[in-house]
Amino acid sequence: MASLLPSNGVLFDIQGQAPSPSKDFVQFIITLKETQSVYLDQLTSAVWRIPYLGWTTKSLRITMLHNDQTIWRSWRITLRNDYKRLLPSEQKEPVEDFAHDERLQFDVGKTFGDNILEYARRLCKGQIDYLVRMPKPLQIYIASFLDLEDVAMLSQTCKAMYEICSAEALWEQIFHHHCDTVTDEMTSLALDMGWKQMFFTNKLQLQVKLRRHQQKRTSPDGGSTFITEEVASNPEL
């Protein structure tokens, strides 16, 4: 999971303007990096500094600790002449202290809303949303094993998951999971109408669309020259 975290350590970054009547510009950042451990025999400079250890350097390990913290920055916006004396302010504190800092939580909630505040609380507790940080092909692969009801619920969680749950690649996999046989004609039709729409088309309508699509491909003028039995017997189609 460590590979899914940003290399610069910035887990969350949001900017905006403070609510009226204030016009101040604010920024809220949460940094988080997992602890890393390295052996001294992998660091030539470290081995050179302690040559008396010799081959025993494999048993000596250095733990690199990162300062996980929240950062609140604000820039005062004013029309007064003394604006040059108003310097930007910055407040840093460990992520563990965010849950007890009522003042900072109030500022975050007032500026960015309760949803952002709750999201920040979860991040500071270590509840990281790894799913949205995964590569898109992996997200689609995981979502393809969900029930249709779960796919619908997942699409309502955030914009990123809505795009994943609406992706044609996902519905192509879902279609293959629910259909025993997928012919070349069905694949060609899906390229025209979309896998999602094709999945929710009932079998009778799908047969009609397949025949029309096949006839359109074989007809010289690309049009339809006959009416199928299903259409004749079902005026609604």
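Residues numbered from 1 in each chain as written. Predicted model: local features only at pLDDT ≥ 70, side-chain atom pairs only at ≥ 80, totals over all residues. Heavy atoms only, no water.

In the annotation of an unreviewed UniProt entry, the entry for the protein chain reads F-box only protein 36, and the organism field reads Holothuria leucospilota.

Within the structure shown, the criterion is met by seven aromatic pairs. Summarising the aromatic geometry, the rings of Phe25 and Trp75 are spaced 5.4 Å apart at their centres and angled 50 degrees between planes, so their arrangement reads as tilted. Placement of the pair is Phe25 in strand β2 (residues 25-31) and Trp75 in strand β5 (residues 69-75), with a sequence separation of 50 residues. According to the relative accessible area criterion, Trp75 is partly exposed, its value standing at 30%. The interplanar angle of 80 degrees and the centroid separation of 5.0 Å between the aromatic rings of Tyr141 and Phe145 together place this pair among those described as edge-to-face. Given a relative accessible area of 48%, Tyr141 falls into the partly exposed group. On the basis of relative accessibility, which here comes to 54%, the residue Phe145 falls in the exposed class. Three or more aromatic residues joined by ring pairs form one cluster here, namely Phe28, Trp72, Phe98 and Phe112. (Phe/Tyr/Trp six-rings, centres within 6.5 Å; stacked < 30°, edge-to-face > 60°. Helix = DSSP H or I, 4+ residues; strand = E, 2+ residues; numbered from the N terminus. Buried < 20%, exposed > 50% of the residue type's maximum accessible area, 1.4 Å probe, protein only.)

Oppositely charged side chains are able to pair whenever their charged atoms sit close together. A full pass over the atoms with the stated rule returns seven salt bridges. A salt bridge links Asp24 to Arg76; its shortest N-O distance comes to 3.9 Å. With a gap of 52 residues between them, Asp24 in the loop between β1 (10-17) and β2 and Arg76 in the loop between β5 and β6 (89-94) connect regions that are remote in the sequence. Its relative accessible area of 17% is what places Asp24 among the buried residues. The exposed category is assigned to Arg76, whose relative accessible area is 52%. Asp107 serves as the salt-bridge partner of Arg103, at 3.7 Å between the closest nitrogen and oxygen. Here Arg103 pairs with Asp107, and both are found in helix α3 (residues 102-112), just four residues apart, close to one helical turn. Judged by its relative accessible area of 17%, Asp107 falls in the buried class. Each of Arg73, Glu90 and Lys92 takes part in one network of salt bridges that share partners. (Salt bridge = Lys/Arg side-chain N within 4 Å of Asp/Glu carboxyl O.)

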